[in-house]
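# An overview of the molecular structure
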Amino acid sequence: MKVRKLQKAEHIRTRKLWEEIFSEDTPEFLDYYYSVKTKENEIYVVENEGHICAMIHLNPYIMEVAGESFTTHYIVAVATEEKYRHRGMMRMLLKEALSVMKANQEPFTFLMPAAEQIYYPHGFRYIYRQLQGKMNRTVAGRVSWEITNATKEDCEEIARFSNNILQSRYEVFTKRDKKYYEVLLEEEKSERGGILIVKEHQKIIGVFPYAIGEEYEIREPLFEGNADEILSYIFLYLGGRKQIKFLGYGDVEKPIIMAKILDVESMFSCMKIKETIELKLNIWDTLMDASMGCYFLKGSNTIDVEKIDETEECVCIEVGDLTSILFGMMDLEKLKVPIKAKKELSKIIPLTKVYINEIV
């Protein structure tokens, strides 16, 4: 058994395993994925005499974190053939993939887990709760609004609108550009959907990617103005005959994205503090069963990070706990570290405004 990164021409070899494990995905979606997404992603596999037993896909995204841009990877399609399960293959794949991403100074990686308990022991923690909602009513829409299905020619304008919305509301999000929406448009078309554009006086006021399964599903909605009014207008345009599910907007919160810090220096470069901090941390990685290093954090506005030799002053903290702290998902009172360390960690301003709704 060995872990290997596939060449681009070999990516198609993993489709059989995908079809076996993720049988809910349609042939049309997989045609899209293997003709579009696998052109730019990375796939690691475990092989046994040339046979692919397990796989992990790393899909690249440009992530904006507190105004800084980083290349990051979204982990998808983590799968092991049934007869090879419980042999540690997922762990092997995660160790290899995360080591490469860390070496490339990616601040963190992220995934949408099938179940939290699968990834929790490996240092992943939830960083994003998605708003969700459903609509099954209609009201009269504005006659001054124009709604159309986007084409490739619209993608640059859509990206400008979306980035303006995201930059004004969020601290952590995947950056949009023309290519982002061209790919997303193909993805939604593979699921009988598209991207709706709502304009008022020829100006975009809303962008609504959607797919059609058993019900209409609006994904990554970004819009200005009165929510009930504009969403009801979308409902009417889509026919009003079926209930519509919204992912990224609604009155129910569901944790959907987990992440794990990889490059400590890159991550702390994005953090701000309330007051002067001085703290030495020894960051432990349960997946690698090793320390990620000891770091001296200091500063009065931003954090200066210096990697140091381990000393008795270094407070040991698990990387999953650190991830939860930096994304505002942990009650520091529950953290098992000295009171002085809790006080210093409480000075860090967490990144709580997160928007990550990508499917693959």
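One can find the structure itself at the top, above this paragraph.
Residues numbered from 1 in each chain as written. Predicted model: local features only at pLDDT ≥ 70, side-chain atom pairs only at ≥ 80, totals over all residues. Heavy atoms only, no water.

### A short note on the environment of Asp 309
Spelled out, the test is: Under the DSSP-based scheme used, a helix requires at least four consecutive residues in state H or I and a strand at least two consecutive residues in state E, with every element numbered from the N terminus.
Along the chain, Asp 309 turns up in the loop between β18 (304–308) and β19 (315–318). Here the alpha-carbon distance between Asp 309 and Tyr 295, two residues 14 residues apart in the chain, equals 8.3 Å.

### Focus on the packing of aromatic side chains
Each pair of aromatic rings is reported with the distance of its centres and the angle of its planes. Going by this rule: To pair, rings of Phe, Tyr and Trp, with the six-membered ring standing in for Trp, must have centres within 6.5 Å; the planes then decide the type, stacked if under 30 degrees apart, edge-to-face if over 60, and tilted in the middle. Three labels apply to residues, based on accessible area from a 1.4 Å probe with only protein chains included: buried if under 20% of the type maximum, exposed if over 50%, partly exposed otherwise in between. Cation placement over rings: the criterion is NZ of Lys or CZ of Arg within 6 Å of the ring centroid and within 35° of the ring normal.
Evaluated as defined, the whole model comprises 18 aromatic pairs. Between Trp 18 and Phe 29, the ring centres sit 6.5 Å apart and the planes meet at 50°, which makes this aromatic pair tilted. With Trp 18 in helix α1 (residues 15–21) and Phe 29 in helix α2 (residues 27–35), the pair connects residues that are 11 residues apart, well separated along the chain. With relative accessibility at 3%, the residue Trp 18 sits in the buried group. Assessed through its relative accessible area of 5%, Phe 29 is described here as buried. Put simply, the rings of Tyr 61, Tyr 74, Phe 108, Phe 110, Tyr 180, Tyr 181 and Phe 327 pair up and form one aromatic cluster. Over the face of the ring belonging to Phe 296 we find Lys 280, whose NZ or CZ atom lies 5.3 Å from the ring centre.

### Quick notes on the pairing of strand β6 (residues 125–135)
Note the following rule: Paired strands, in this sense, are two strands between which DSSP finds at least two bridges.
Within β6, eight of the 11 residues are buried, which leaves the element mostly enclosed by the surrounding structure. One ladder, built from seven bridges, connects β6 with strand β14 (residues 252–261); its direction is antiparallel. Within β14, the position partnered with Arg 129 by the bridge is Pro 255. The sheet contact formed by β6 and strand β13 (residues 244–247) spans four bridges and is antiparallel. Bridging from a neighbouring strand, Gln 132 pairs with Leu 247 of β13.

### Looking at the layout of surface pockets
Spelled out, the test is: Think of a 1 Å grid over the protein atoms and nothing else: a 1.4 Å probe that fits but is trapped marks a cavity, an open set flanked by protein within 12 Å on at least five of seven lines marks a pocket, and residues with an atom within 4 Å of a point count as lining. Grid points are joined across faces, edges and corners, and a volume is the space filled by probe spheres set on the points. Gly counts as polar in this scheme, as do all residues outside two lists: the nonpolar Ala, Val, Leu, Ile, Met, Phe, Trp, Tyr, Cys and Pro, and the charged Asp, Glu, Lys and Arg.
Here the largest pocket defines a volume of roughly 1600 Å³. Ranked by residues supplied to the lining of the largest pocket, first place goes to strand β4 (residues 68–80) with seven residues. In this model, the second largest pocket occupies a volume close to 340 Å³. Every residue lining the second largest pocket is counted, 19 residues in all, and those nearest its centre are Tyr 128, Leu 131, Tyr 170, Val 354 and Tyr 355. Among the residues making up the lining of the second largest pocket, the classes are represented as 12 nonpolar, three polar and four charged.

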